[in-house]
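Close look at the chain arrangement
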Amino acid sequence: PDAVPGFPAPTQHSQQAYDPTDDFTAKWTRADARQIQAMSDPTAPPRANSMPEEYTMPTVPQDFPDMSNDQVWVWDSWTLTDETAAQPSFKGWEVVFSLVADRKLGFDDRHTYAKLGYFFRKANVAERPENGGWTYGGLVFPEGASGAIFEDQSFSHQTEWSGSTRIFDGNKLRIFYTAVAFYRNEDGSNRKPYDPRIVQSEGRLFADENGVWMTGFRDQHDMLQADGKYYQDGDQNEFFNFRDPFTFEDPAHPGKTYMVFEGNTAAVRGERVCTEEDMGYRPGDPYTETADEVMDNGAHYQLANVGLAVADNAALTEWTFLPPILSANCVNDQTERPQIYMKDGKYYLFTITHRGTYAAGVDGPEGVYGFVGDGIRSDFEPVNRGSGLALGSPSNLNYANGAPFAPDFNQNPGQFQAYSHYVMPGGLVQSFIDTIGTSDDFVRGGTLAPTVKVDINGADVTVDRTYGNNGLGEWADIPSGYAHDIDPTS
Ligand code: FRU
Ligand code: FRU
């Protein structure tokens, strides 16, 4: 892509594949991320969307139905996947895993009380209830199982964060997730840094005509802790990010299983580690900034990366870290829930991020971001005009961000409408509702948003407004429609 007048040109990325074990990390650069501001309309009035419609999730109305029938808050969600990331049903049932919390908690308190819950519904039903027709099945793990891995049992809170679920050999489930222990004082400060670990637990899935249930998950395999070498650890920064495993096989490397996850570049908090390569400007570009300039403004506190690991055994309980596949040094601090999505011979890395985690001097909406290349480790090209923005919530970058619990008066009411977008087969995208509205009138979410659809073509990802009702599909719709049914008894 070329430069927009008044803005720098994006970095040139070749999409070239490297071996998964190579020491090459693609950079989402400052020059790339500034393409987001370049496509925002500087004259968009209060509450208007300043971003291009084709990259914007349609507006979600405030009167949404609750998929849990008042039982739990629901946010990050995923389904059963096989090795190709297809989403099979099981004996005619669709199964969804979600982070859940007690509805008596404030929605913003959910993170330290999150547990893995599950829902099920019959596959291939033409007409469903408005809320998606799910039955809440309860928690997945036995009480106390996910906390048992921590040597230091003096935690103040112990919780289960995102991941993914693979189905093997008929009805064997392997859940990859993040077990987290917090060690907090009464005032909320850290007595010692929190401890997030990537864990796998195996169970069995069962179903009959009445529903779905699971057994097992007593043994928890503590697999990966941030190493401080490729992935920042708690000694380097008590606010580090390390979580959200997603596993898959790569047809280019048969017999291996890989995992992507959220991390940070391994540096001590405050260290001035950003380089001219992280800036990514083309020689002679009139709109460059130097690494020193942006670090003088504090941009080096934002050091997201996407990690890669490779499994060492068939049970997928032992893993080796490989260098990160993407970094966003001096660009953004969180690249969450990464996934690898294959289409037309290309590898898409999709990951979610927040407006509030951008570094000083760069900006962009809440949403899902995409990077395309020829392999799982590539010189990834950020999608959509070189920016990386794949599908954002409707936002106005001319006005303050606010927060989900305190939206800005002038902001687009949809700015926090949805988060944790996960791209499913066929370009369907599910997400959860966080907050809808402006400071004078807003409602909190805690259930899944309407599913939307994106068209993925080369380096272009655009929302399909002919899908559903002006682009909004059914609420909490996580269909198995693009995959097979697994029935171990037939
Ligand atoms: C990338 C890669 C390349 C190699 C090809 C072989 O995934 O390992 O380095 O050319 O795949 O399959
Ligand atoms: C995304 C996220 C994940 C994390 C979970 C914790 O919404 O921040 O990265 O696993 O929420 O609640």
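A brief report on the enclosed structure follows. It should be emphasised that the depicted structure is a prediction, and the values quoted were computed from it without experimental measurement.

**Some thoughts on a negative patch on the surface**
Together, Asp63, Glu127, Glu130 and Glu474 make up a region of like negative charge exposed at the surface. Locating Asp63 in the fold gives a position in the loop between α1 (30-38) and β2 (72-81).

**Some words on the sheet that holds strand β1 (residues 26-27)**
Here five strands make up an open sheet; going across it, the order is β1-β14-β13-β12-β11 and the pairing mixed. A single partner strand is all that each edge strand has here, and the edge strands are β1 and β11 (243-249). Two elements, β11 and strand β12 (residues 257-264), share five bridges in a ladder whose sense is antiparallel. Each residue of the ladder has a partner; that of Phe248, found in β12, is Tyr258.

**Here we look at the site of ligand 2**
Within the structure, ligand 2 sits among Trp75, Asp76, Leu99, His111, Trp161, Ser162, Arg243, Asp244, Glu262, Glu336, Tyr419 and Ser420. The contact in question runs from an oxygen atom of ligand 2 to an N or O atom on the side chain of Arg243, over 2.8 Å. Calculation on ligand 2 without its partners gives an accessible area of 310 Å², and the protein chains cover 94% of this total. Only β2, β7 (157-168), β11 and β20 (418-423) provide two or more residues apiece to the shell around ligand 2. Tallied by class, residues from the shell around ligand 2 come to four nonpolar, three polar and five charged.

**Concerning the site of ligand 1**
Near ligand 1 the following residues occur: Ala17, Tyr18, Asp19, Pro20, Ala252 and His253. Asp19 places a main-chain nitrogen or oxygen 3.2 Å from an oxygen atom of ligand 1. Interatomic distance of 2.8 Å between a side-chain N/O atom of His253 and an oxygen atom of ligand 1. Across the complex, the protein chains shield 56% of the 320 Å² of accessible surface that ligand 1 would expose by itself. Of the residues contributing to the shell around ligand 1, the split by class is four nonpolar, one polar and one charged.

**As for the sheet that holds strand β24 (residues 452-457)**
Pairing within the open sheet is antiparallel, and its four strands lie in the order β20-β21-β24-β25. Only two strands of the sheet have a single partner each, and these edge strands are β20 and β25 (460-463). The average angle at which neighbouring strand axes cross in this sheet is 30°, direction not considered. In the sheet, β24 pairs with β25 via four bridges, with the strands oriented antiparallel. In the strand pairing of β25, Ile456 is matched with Val461.

**Some thoughts on the packing of aromatic side chains**
Overall, the coordinates contain 33 aromatic pairs when judged by the stated rule. Ring geometry for Tyr419 and Phe432: centres 6.4 Å apart, planes at 85°, overall edge-to-face. Pair noted here: Tyr419 is in strand β20 and Phe432 is in strand β21 (residues 428-433), with a separation of 13 residues, a long-range link. Here Tyr419 and Phe432 have matching classes, each one buried. Three or more aromatic residues joined by ring pairs make a cluster, and in this case those are Trp73, Trp75, Phe107, Tyr419 and Phe432. Lying over the aromatic face of Phe107, Arg110 brings its terminal NZ or CZ to 4.0 Å of the ring centre. A cation over a ring is seen here: Lys192 above Tyr183, with NZ or CZ 4.4 Å from the ring centre.

Cut-offs used in this document
By convention here, each chain's residues receive numbers from 1 onward along its written sequence. Throughout, the order in which chains and ligands are written sets their labels, letters from A for the former and numbers from 1 for the latter. A pLDDT threshold of at least 70 governs which residues receive local features in this predicted model, and a stricter bar of 80 or more applies before side-chain atom pairs are shown or counted, although totals over entire chains, interfaces and linings include all residues. As a convention, hydrogens and water are excluded, and side-chain values are obtained from all of the structure's heavy atoms. Patch membership is restricted to residues that have no salt bridge and whose relative accessible area is over 30%. Joining uses 9 Å for like charges and 5 Å for the nonpolar side chains Val, Leu, Ile, Met, Phe, Trp and Tyr. Only the protein chains shown count as cover for residues, with accessible areas throughout obtained via the Shrake-Rupley method and a probe of 1.4 Å. We define a salt bridge as a side-chain nitrogen of Lys or Arg found within 4 Å of a carboxyl oxygen belonging to Asp or Glu. Only four residue types enter the tally: Lys and Arg on the positive side, Asp and Glu on the negative side; His and the chain ends are excluded. Note on charges: their place is set at NZ of Lys, CZ of Arg, CG of Asp or CD of Glu. For helices the rule is a DSSP run of H or I covering at least 4 residues; for strands it is a run of E covering at least 2, with both sets numbered from the N terminus onward. Strand pairing follows a simple DSSP-based rule, namely that at least 2 bridges must link the two strands. Note on terminology: near, applied to a residue and a molecule or strand, indicates that one of the residue's heavy atoms is within 4 Å of it. By the criterion applied in these results, polar contacts are pairs of N or O atoms within 3.5 Å in which, for protein atoms, one can donate a hydrogen and the other can accept it, and in which residues neighboring in sequence qualify only through two side-chain atoms. Gly falls in the polar group here, along with every residue not listed as nonpolar (Ala, Val, Leu, Ile, Met, Phe, Trp, Tyr, Cys, Pro) or charged (Asp, Glu, Lys, Arg). Axis geometry follows a simple rule: fit a line to the C-alpha atoms, using only the stretch in contact for helices, then measure angles between N-to-C directions, giving values from 0 to 180 degrees. Pairing of aromatic side chains requires ring centres within 6.5 Å, counting the rings of Phe and Tyr and the six-membered ring of Trp. Pairs whose planes differ by under 30 degrees are stacked, by over 60 edge-to-face, and all others tilted. Working definition: with a 1.4 Å probe on protein chains only, accessible area under 20% of the residue-type maximum means buried, over 50% means exposed, and in between means partly exposed. Look at NZ for Lys and CZ for Arg. If either is within 6 Å of the ring centre and within 35 degrees of the ring normal, a charge sits over the ring.

By themselves, these are just geometric observations and shouldn't be taken as functional.
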